[in-house]
Amino acid sequence: MKDTLYLQLDKNIEVFHPHIYLQDICKLSCTNPKIQNRLRVMPVANLNPRQYGRYVMSVMDLIELIQKKEPDLDITPIGESDFILTYAKEQTSGAVWRWLKILFVSLASFFGAAFSIMTFNNDVDVGTLFSNIYTQVTGQPDTGFTILEISYSIGIGLGVLIFFNHFGKMKLSSDPSPMQVQMRLYEDDVDTTIIEQKNREKPSP
């Protein structure tokens, strides 16, 4: 009876060194532990150490390399048929630079959101609407700083926190926030586009 090897692959795999081994890019499970240990350290790719970026590979490339080393082995791939090797420089930036980037993104997000809210309120003329409602209900002229403006401002802040389900390290639930979902969808779209573009560039047989 032949031994069986299972390969589990993700769509995008990040590596920080140019010499890639099988254990670096996939999870292995084999009915024969000795074969598994041999294949774990099997070289898969040698990248240019200075050329960081994304490299598209196919599970068929891995199967071909494995079969050369273990011709009698049954191979069952699990997961993606094409995947991306993201060769990146290992992050060595200090805490000061990291906090500066966080501060910049926070300020840009804060003022960008504030500008969007103000332009929306100006477009629909919320101030006039609140003034008319306050005058009709109380019979007094609007001073521009009433319970309507206060509750509206507080409601926007609370609504943003509840919607994004994230404030610092605190979360209202264990579900991913809408921002995390959108970022994940964006990453999947980018990976799919890179793989499809690379496949189209391959010459037809």
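Residues numbered from 1 in each chain as written. Predicted model: local features only at pLDDT ≥ 70, side-chain atom pairs only at ≥ 80, totals over all residues. Heavy atoms only, no water.

- As recorded in an unreviewed UniProt entry, the protein chain goes by Stage V sporulation protein AA and comes from Candidatus Blautia faecavium.

### Some details on the layout of surface pockets
Alright, step 1. Taken as a whole, the second largest pocket encloses approximately 220 Å³ of empty space.
Alright, step 2. If you trace the second largest pocket, you find it lined by Asp10, Lys11, Asn12, Arg54, Glu80, Thr86, Arg184, Tyr186, Glu187, Asp188, Val190 and Asp191.
Alright, step 3. The dominant element in the lining of the second largest pocket, judged by the number of residues it contributes, is helix α7 (residues 178-201), at six residues. (1 Å grid on protein atoms, 1.4 Å probe; cavity = no way out; pocket = protein on both sides within 12 Å on 5 of 7 lines; lining within 4 Å. Points joined across faces, edges and corners; volume = space filled by probe spheres on them. Helix = DSSP H or I, 4+ residues; strand = E, 2+ residues; numbered from the N terminus.)

### Section: the nonpolar core
Alright, step 1. Counting 27 residues, the largest nonpolar core has Leu22, Ile25 and Ile66 as its most contacted members.
Alright, step 2. The element best represented in this core is helix α3 (residues 59-69), accounting for four residues.
Alright, step 3. Filtering out sequence-adjacent residues up to four positions away, Ile25 remains in contact with Leu9, Ile13, Ile20, Val44, Leu62, Phe83 and Leu85. (Core = buried A, V, L, I, M, F, W, Y, C linked by side-chain atoms within 4.5 Å. Buried < 20%, exposed > 50% of the residue type's maximum accessible area, 1.4 Å probe, protein only. Contact = heavy atoms within 4.5 Å.)

### Some points on the packing of aromatic side chains
Alright, step 1. Summed over all chains, the structure comprises three aromatic pairs.
Alright, step 2. The interplanar angle of 35° and the centroid separation of 4.7 Å between the aromatic rings of Tyr52 and Tyr87 together place this pair among those described as tilted. In this pair, Tyr52 sits in the loop between β5 (43-46) and β6 (53-58) while Tyr87 sits in strand β8 (residues 82-87), placing the two residues 35 residues apart along the sequence.
Alright, step 3. For Tyr52, a relative accessible area of 40% translates into the label partly exposed. (Phe/Tyr/Trp six-rings, centres within 6.5 Å; stacked < 30°, edge-to-face > 60°.)

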